[in-house]
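What follows is each chain in one-letter form.
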Amino acid sequence: MPKTLDGEIAPDRAAQPTPPEDVAGATSVRHDRRTSVPRAAWLIGPALVAGVAYLDPGNVASNMTAGAQYGYLLVWVVVLGNVMAWLIQYLSAKLGIVTGRSLPEVLGGRIHNRWGRRAYWLQAELVAMATDLAEVIGGAVALNLLFGVPLIWGGLITGTVSLVLLVLQSRRGPRTFEFVIMGLLAIIAIGFTVGVFVAPPSPEGVLGGLVPRFADANSVLLAASILGATIMPHAIYAHSALSRDRFATRRGEQAGRAGGAAGAGGAARVGRVGTGGAASSGQRSSFAKAGRLISAHSMGFGIRRGTDVAPELLPGTATALPTDTLVRATRWDVSIAMAIAGTVNLCILLLAAVNLAGVEGTDSLEGAYAALGVALGPAIATMFAVGLLASGLASTSVGAYAGAEIMYGLLHVRVPLILRRLVTLIPALAILALGFDPTTSLVLSQVVLSFGIPFALIPLVSLTAKAGVLGRWKNHWATTAAGVAASVFLITLNGVLLWLVFTGA
């Protein structure tokens, strides 16, 4: 018999408790008893793709600046941010797996006031654009460092390559996209960590940096920037969608059963996205075309959908695989992704603390690249620039994915991929064309992200604590308490930052 990830005998799917909609008269799903749960390695992937958001050029700029200006002082911020990121990404993935919907989709169905939903979309869209700004600028800087490409052309090249990656995902599916992103992730990890092995940090300095404290107002600004770059709102939105697209294989099945039951006068409930109303006969007909719905939905990125409505799934009925198995696998997936992201981010800060502290001109990525070349040699500096380029290319693709999901989930609007990519490129290209300092723009973009965190985090913690949303997979009280504590900490930090800015302190 198949085994779960914990080595226990996996119950056959057909032996699972009958979903309520089956009791109402719909046909039960029958699964072959010989079908086994895929190997654990096959279930790994969505968190690694979402984890690229934690290694974008904004992270690099924030961590490099913190290490160069304050040495080991803000090590604790990187560690704390990574711990909070584990919890947040796990909750996001669990929401997508159990409900078969992304966080924007769930919120789009619960925010009934049209203007309230538009206001929420606007702040989320601004966060996504700030993310894209950092990623495109980072890729442009890397191309300039490696090949001397002018920044404006580097931004266009970065945006074009990200578009190719998005088309690859839409044509070849989530798994192929994951492999490509994981390959870029390996390049990022090598490029940003090799310098630490060449010039190791002081163990005493690292331990001292674990003590929470600030030096001045600027260190608070950098702490908010690091947290904004580490706990990125668009990664929260994206991870639930990535998990949905990978595992929500029963969505069409559920739709067909719901449509059949509704047509026969059954008790199945089918709601319109964003209204919760009853489905029309035309909608029920589209629901019955399960294969078409699955195929169109799996395209992702808001390119197109088979229908503008979706069945109201019960908790735990969104996947063909046992939900318990996927939730356990997600813990491993998130743990691996956050371990990689946290280690790399810490290495970036330590690399700057050891080699750039007190060195003139290291307040920019270009200056840091030159200083690394002097301190550790051109090979290490080149690997750093290659890591920065891979970071920009990978993270801007995930950012575009998140942006499209935000628009579709909240506004139910589908924008062609090329048009959306061009629109989100405009702010970054404008900054590059006007000659603003790229590194300063990167750091400030991360502060914008930090202010967007509560708007994503508070609804996520609230929704995953509700039995009506996740059923028996709802948060344990301790998990909810940890999520509330993280939210309070981040909101307080942002409040202190605002006070410092407006008082001139």
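Every value quoted in this text rests on a predicted model; they were computed, and no experiment measured them.

Caption draft 1: Representation of the overall build of the chain. The number of helices and strands found in the chain is 22 helices and zero strands. The buried share of the chain, taken over its 505 residues, is 59%. Expressed as a percentage of contacts within the chain between residues at least 6 apart in sequence, the contacts between residues at least 24 apart total 85%. Total accessible area on the chain is roughly 19,400 Å²; 66% of this is exposed by carbon and sulfur atoms.

Caption draft 2: Up close: a nonpolar patch on the surface. Among the surface-exposed residues, Val79, Val83, Leu207 and Leu210 lie close enough to one another that they form a single nonpolar patch of about 350 Å² accessible area. Relative to the helices and strands, valine 83 resides in helix 5 (residues 75-99).

Caption draft 3: Fine view of the side chain of asparagine 59. Structurally, the position occupied by asparagine 59 is in helix 4 (residues 57-70). Of the polar contacts made by the side chain of asparagine 59, one reaches the side chain of asparagine 345; its length is 3.5 Å.

Caption draft 4: Main features of the packing of aromatic side chains. Tallied over the full model, the rule gives three aromatic pairs. When the centroid spacing of 5.4 Å and the interplanar angle of 20° are considered together, the rings of tryptophan 86 and tyrosine 90 count as stacked. Of this pair, tryptophan 86 and tyrosine 90 both sit in helix 5, four residues apart, which is roughly one turn of the helix. According to the relative accessible area criterion, tryptophan 86 is partly exposed, its value standing at 28%. Under the relative-accessibility criterion, tyrosine 90 is labelled buried at 8%. Their ring planes at 55° and their centres at 5.4 Å tell us that phenylalanine 192 and phenylalanine 384 sit as a pair that is tilted. One end of the pair, phenylalanine 192, is in helix 9 (residues 174-198); the other, phenylalanine 384, is in helix 18 (residues 378-411), with 192 residues separating them in the sequence. Across this residue pair, the class does not change: phenylalanine 192 and phenylalanine 384 are buried.

Caption draft 5: Structural view of the nonpolar core. Counting 133 residues, the largest nonpolar core has Met64 and Leu74 as the members making the most contacts within it. Once you skip the residues sitting within four places of it in the chain, methionine 64 turns out to touch Ile348, Ala352, Leu356, Ala368, Leu372 and Phe384. Of all hydrophobic cores here, the second largest spans six residues; its members include Leu43, Ile97, Phe247 and Leu321.

Caption draft 6: Structural detail: the packing of helix 9 against helix 18. The contact between helix 9 and helix 18 brings their axes to 8 Å, and the two run at 150°. As far as their axial angle goes, helix 18 and helix 9 are roughly antiparallel. Pair helix 9 / helix 18 crosses with left-handed handedness. Across from Phe177, Ile181, Leu184, Ile187, Ile188, Ile190, Gly191, Phe192, Val194, Gly195 and Val198 in helix 9, the residues of helix 18 making contact are Ile380, Met383, Phe384, Val386, Gly387, Leu388, Ala390, Ser391, Ala394 and Ser397.

Caption draft 7: Quick look at the confidence of the model for the chain. With 78% of its residues at a pLDDT of 70 or more, the chain has an overall mean of 78. Ranking the elements of the chain by mean pLDDT puts helix 14 (residues 281-288) last, at 34, and helix 10 (residues 203-208) first, at 95. With pLDDT under 50 throughout, residues 252-309 is counted as low confidence; its partners more than four residues away or in other chains account for 104 contacts.

Caption draft 8: Spotlight on unusual backbone geometry. The backbone of histidine 412 shows a phi angle near 60°, a positive value even though the residue is not glycine. As for its placement among the helices and strands, histidine 412 is situated in the loop between helix 18 and helix 19 (417-434). Since its relative accessible area comes to 24%, histidine 412 is described here as partly exposed.

Caption draft 9: Just the environment of glycine 154, in detail. If you trace the backbone, glycine 154 turns up in helix 8 (residues 151-172). Separated by 14 residues in sequence, glycine 154 and alanine 140 have C-alpha atoms that sit 4.0 Å apart. When residues no more than four places from it in sequence are discounted, the contact partners of glycine 154 are Ala140, Leu143 and Val149.

Caption draft 10: Geometry of the environment of serine 219. In this structure, serine 219 sits in helix 11 (residues 217-230). The class of serine 219 is buried, set by a relative accessible area of 0%. Remark: the alpha-carbon pair of serine 219 and leucine 73, spanning 146 residues in sequence, is separated by 8.7 Å. Within the structure, the side chain of serine 219 is placed 2.5 Å from the backbone oxygen of aspartate 216, a separation counted as a polar contact.

Caption draft 11: Examining helix 12 (residues 233-247) more closely. For helix 12, which comprises 15 residues, the first-to-last C-alpha distance of 22 Å matches the rise-based estimate of 21 Å (1.5 Å per residue) to within 8%. Of all the 15 residues making up helix 12, 15 are buried; the element is thus mostly covered by neighbouring parts of the structure.

Caption draft 12: Examining helix 11 more closely. Between its first and last C-alpha atoms helix 11 spans 20 Å; for 14 residues at 1.5 Å apiece the expected length is 20 Å, and the two agree. Summarising burial for helix 11: eleven of the 14 residues are buried, a large majority. Every buried residue of helix 11 is listed here: Ser219, Val220, Leu222, Ala223, Ala224, Ser225, Ile226, Leu227, Gly228, Ala229 and Thr230. For helix 11, the capping residue at the N-terminal end is aspartate 216, with a side-chain oxygen 3.2 Å from the backbone nitrogen of asparagine 218.

Caption draft 13: Just the pattern of salt bridges, in detail. All chains considered together, the criterion is met by five salt bridges. Aspartate 324 serves as the salt-bridge partner of arginine 472, at 2.8 Å between the closest nitrogen and oxygen. A residue pair is termed long-range when its members are at least 10 positions apart, and arginine 472 in the loop between helix 21 (467-470) and helix 22 (477-503) and aspartate 324 in helix 16 (residues 323-355) qualify at 148 residues. Here arginine 472 falls in the exposed class, since its relative accessible area comes to 58%.

Caption draft 14: Representation of the environment of methionine 129. Within the secondary structure layout, methionine 129 lies in helix 7 (residues 114-147). Relative accessible area serves as the criterion here: at 23%, methionine 129 is assigned to the partly exposed category.

What counts and how
- Residues numbered from 1 in each chain as written.
- Predicted model: local features only at pLDDT ≥ 70, side-chain atom pairs only at ≥ 80, totals over all residues.
- Heavy atoms only, no water.
- Helix = DSSP H or I, 4+ residues; strand = E, 2+ residues; numbered from the N terminus.
- Buried < 20%, exposed > 50% of the residue type's maximum accessible area, 1.4 Å probe, protein only.
- Contact = heavy atoms within 4.5 Å.
- Areas by Shrake-Rupley, 256 points an atom, 1.4 Å probe, with all protein chains shown as cover.
- Patch = residues over 30% accessible without salt bridge, like charges linked within 9 Å, V, L, I, M, F, W, Y side chains within 5 Å.
- Salt bridge = Lys/Arg side-chain N within 4 Å of Asp/Glu carboxyl O.
- Polar contact = N/O pair within 3.5 Å; in protein donor to acceptor, adjacent residues only side chain to side chain.
- Phe/Tyr/Trp six-rings, centres within 6.5 Å; stacked < 30°, edge-to-face > 60°.
- Core = buried A, V, L, I, M, F, W, Y, C linked by side-chain atoms within 4.5 Å.
- Axes fitted to C-alpha atoms, helices over the stretch in contact; angles between N-to-C directions.
- Parallel < 35°, antiparallel > 145°, perpendicular 65-115°, else oblique.
- Left-handed = near helix turned anticlockwise from the far one by under 90°.
- pLDDT = per-residue confidence, 0-100.
- Expected span 1.5 Å × (residues − 1).

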